[in-house]
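Close look at the chain arrangement
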Number of protein chains: 2
Amino acid sequence: MEAKKTFFNLPEEKQKRVLETALEEFSEKGYEGASINLIVSKLGIAKGSIYQYFTDKKSLFLFIFDYAVELVRKTLKQVKQETREQPTFERIRRSLLAGVDFIERHPFIYRGYLKMMFEREAPFRQELLQRIRLFSSEYLTSLLMEGREKAEIRKDIDLETMVFLLDAVMDRFLQAYAISYLDSGLNLNRMKRPEIERHVNEIVELMRKGIGK
Amino acid sequence: MEAKKTFFNLPEEKQKRVLETALEEFSEKGYEGASINLIVSKLGIAKGSIYQYFTDKKSLFLFIFDYAVELVRKTLKQVKQETREQPTFERIRRSLLAGVDFIERHPFIYRGYLKMMFEREAPFRQELLQRIRLFSSEYLTSLLMEGREKAEIRKDIDLETMVFLLDAVMDRFLQAYAISYLDSGLNLNRMKRPEIERHVNEIVELMRKGIGK
DNA sequence: GGTCTTTGTGACCACCTGGTCATTTTTAAG
DNA sequence: CTTAAAAATGACCAGGTGGTCACAAAGACC
């Protein structure tokens, strides 16, 4: 457990406010860059107080990380359930849209994840990232394997290669939606839902049929 | 011009040593995280000296950025030239391999680029990134357009969507090669050239034919 | 030698960092 | 109202940051 008991004695509202404020700071500045001074001043509490809740910066970070991972895990699980009976490419489509919705609801979580990907400094970075990427790749692998059983997915190419492609495209799509400058030409960033959906459809169709011929 | 004349009066060897040392620091820690103190101590010169060469941290960074961009631009141009007469997918294959070679030769440049993608702090970040991403996407667009003329590339899907996919997959491939934890399953990181080539072939083949059916 | 300019130096500055802790304030119990 | 425990506070600390500047060293020319 990374938080002290004092933290859990706080009214739930305040707990959430602390978490959200710290999450915002971490996701914007990264682990090293995030400033405890700024967090407490944004919260309007004394610096000492935050150290009543968490032993140090690291444990605050890890606590938030767990909180975020749990949210992602739940979301993925739910989509998987809901689309159980549907064709594979429809499931992929839905997954991508679920990602868009998730970013809309929790913008700082996804940005924090991206920040971490390219930071050396975050504590346990390697382990934490592997944790995330593992269940992302497990998710896609199981999707594709079920797709193969239904003969919707080709069998003459390595499953891992396909997972790699899917992962790359989906992740980049969400990055483009969340950050801008990352979409190569398309302007996902400012689009409204119907347009987003059109692009999701097109990109999924493209992954199905390929660029060639 | 971001460097002072004193810098250019230095023996070329020392100029390069300064640039490479600073590049390494920036690419590992990002703009904010990089420490001038560390750079000068690694160089074995006094702190004041670096301020004889560059007016401040920002101009040092921008100078290095230009230096790096020029290297990338040249490399891309050369590949484009060399593969002029070849089939589109062969050109894509070659481009990806050129990326791998580039990382091998200049590991800090590519990492620096990744660092910047998710940093808010770097000066002129937006403009600089757009500069890079623009010529990456121009490069791919022209590749695909020429491919369409030769009827090697499908015409029933937006060119931009295809560029997006290509860009996403190629970039992710290089990330996986440069950083690890990013390959979803494949272990590009530790592979030797022949294996890398096998994966490049497979991934390009997959982009051509698609995942479906 | 002497003189003038260019380059190198590191103590110093103001400011910010994560973290501490003696002290005060708030809350709860009797 | 008293007492004891729990929580909030902010001055303070050591250590880091980018940047400055008076001075010393080195070169260049006569």
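So, here is what we can say about the structure in this document.

Rules used in this analysis
- Residues numbered from 1 in each chain as written.
- Chains lettered and ligands numbered in written order.
- Predicted model: local features only at pLDDT ≥ 70, side-chain atom pairs only at ≥ 80, totals over all residues.
- Heavy atoms only, no water.
- Helix = DSSP H or I, 4+ residues; strand = E, 2+ residues; numbered from the N terminus.
- Buried < 20%, exposed > 50% of the residue type's maximum accessible area, 1.4 Å probe, protein only.
- Contact = heavy atoms within 4.5 Å.
- Lys, Arg positive; Asp, Glu negative; His and termini not counted.
- Charge placed at Lys NZ, Arg CZ, Asp CG, Glu CD.
- Near = heavy atom within 4 Å.
- Polar contact = N/O pair within 3.5 Å; in protein donor to acceptor, adjacent residues only side chain to side chain.
- Nonpolar A, V, L, I, M, F, W, Y, C, P; charged D, E, K, R; others polar.
- Expected span 1.5 Å × (residues − 1).
- Least-squares fit on C-alpha atoms with pLDDT ≥ 70 in both.
- Axes fitted to C-alpha atoms, helices over the stretch in contact; angles between N-to-C directions.
- Parallel < 35°, antiparallel > 145°, perpendicular 65-115°, else oblique.
- Salt bridge = Lys/Arg side-chain N within 4 Å of Asp/Glu carboxyl O.

This paragraph deals with the overall build of chain A. Of the regular secondary structure elements, chain A holds 10 helices and 0 strands. Moving toward the C terminus, one meets the helices and strands of chain A in the order α-α-α-α-α-α-α-α-α-α. Summarising its shape, the C-alpha atoms of chain A cover approximately 65 × 35 × 30 Å along the three principal directions. The buried share among the 213 residues of chain A stands at 56%. Intrachain contacts of chain A at a sequence separation of at least 6 include 64% that bridge at least 24 residues. Counting 37 positive and 33 negative side-chain charges, chain A places the averaged centre of each group 2 Å from the other.

Here the focus is unusual backbone geometry. Phi is mostly negative for residues that are not glycine, and the peptide bonds are mostly trans. Residues and elements named next belong to chain A. Here the phi dihedral of Phe124 falls at roughly 60°; this positive angle occurs in a residue that is not glycine. Structurally, the position occupied by Phe124 is in the loop between helix H7 (107-117) and helix H8 (125-149). Classification of Phe124 by relative accessible area gives partly exposed; the value is 41%. Even without being glycine, Ala151 reaches a positive phi, approximately 60°. In this fold, Ala151 is placed in the loop between H8 and helix H9 (159-179).

The next thing to look at is the protein's contact with DNA strand C. Around DNA strand C sit 19 residues, and of these Ala34, Asn37 and Lys57 of chain A together with Asn9 and Gln52 of chain B come closest. For DNA strand C, the fraction of atoms within 4 Å of the protein that belong to sugar or phosphate moieties is 58%. Between DNA strand C and Gln52 of chain B, the relevant distance is 2.4 Å, taken from a base nitrogen to a side-chain nitrogen or oxygen of the residue. Listing elements by their share of the surface near DNA strand C, those giving two or more residues are helix H3 (36-43) and helix H4 (47-53) of chain A together with helix H1 (5-9) and helix H4 (47-53) of chain B. Counting residues per element, the surface near DNA strand C draws most heavily on H4 of chain B, at 5 residues. Each residue belonging to the surface near DNA strand C can be placed in one class, and the counts come to 6 nonpolar, 8 polar and 5 charged.

Spanning 18 residues, helix H6 (residues 88-105) of chain A covers 25 Å between terminal C-alpha atoms, matching the ideal 26 Å at 1.5 Å per step. The buried fraction of H6 of chain A is high, at 13 of 18 residues.

Note on the identical chains: chain A maps onto chain B by a rotation of 180° and an axial translation of 0.0 Å, with an RMSD of 0.1 Å. A rotation of that kind, with that shift, is consistent with a two-fold axis. Within chain A, the C-alpha atom positioned nearest to the axis of rotation is that of Gly210 of chain A, 1.8 Å from it. Take the interface residues of chain A: 100% of them recur as interface residues in chain B, which is what a same-surface contact looks like.

Let us now look at the packing of H6 of chain A against H7 of chain A. All names here are of chain A. Between H6 and H7, the least distance of the axes is 4 Å, while the angle of their chain directions is 105°. Put simply, H6 runs roughly perpendicular to H7. Here H6 contributes Phe102, Ile103, Glu104 and Arg105 to the contact with H7, which in turn contributes Pro107, Ile109 and Tyr110. Counted by class, the contact of H6 with H7 contains 5 nonpolar, no polar and 2 charged residues.

Contacts to DNA strand D come from 18 residues, most closely from Asn9 and Gln52 of chain A together with Ala34, Lys47 and Tyr51 of chain B. If you look at DNA strand D and keep only atoms within 4 Å of the protein, 55% of those are sugar or phosphate atoms. Measuring from a phosphate oxygen of DNA strand D, one finds a side-chain N or O atom of Asn9 of chain A at 2.8 Å. Of all the secondary-structure elements, those providing two or more residues to the surface near DNA strand D are helix H1 (5-9) and H4 of chain A together with helix H3 (36-43) and H4 of chain B. A class-by-class count of the residues in the surface near DNA strand D yields 6 nonpolar, 8 polar and 4 charged.

Moving on: the pattern of salt bridges. A complete count under the given rule lists 32 salt bridges over all chains for this structure. Where Asp167 of chain A meets Arg133 of chain A, a salt bridge forms, and the shortest distance between an N and an O atom there is 2.3 Å. Placement of Asp167 of chain A in helix H9 and of Arg133 of chain A in helix H8 is noted, with a sequence separation of 34 residues between them. With respect to class, Asp167 of chain A is no different from Arg133 of chain A; both count as buried. Between Arg94 of chain B and Glu82 of chain B there is a salt bridge; the shortest N-O distance is 3.1 Å. Note that Arg94 of chain B is positioned in helix H6 (residues 88-105) and Glu82 of chain B in helix H5 (residues 57-82), a separation of 12 residues in sequence.

Any functional reading would require information beyond the geometric quantities listed.
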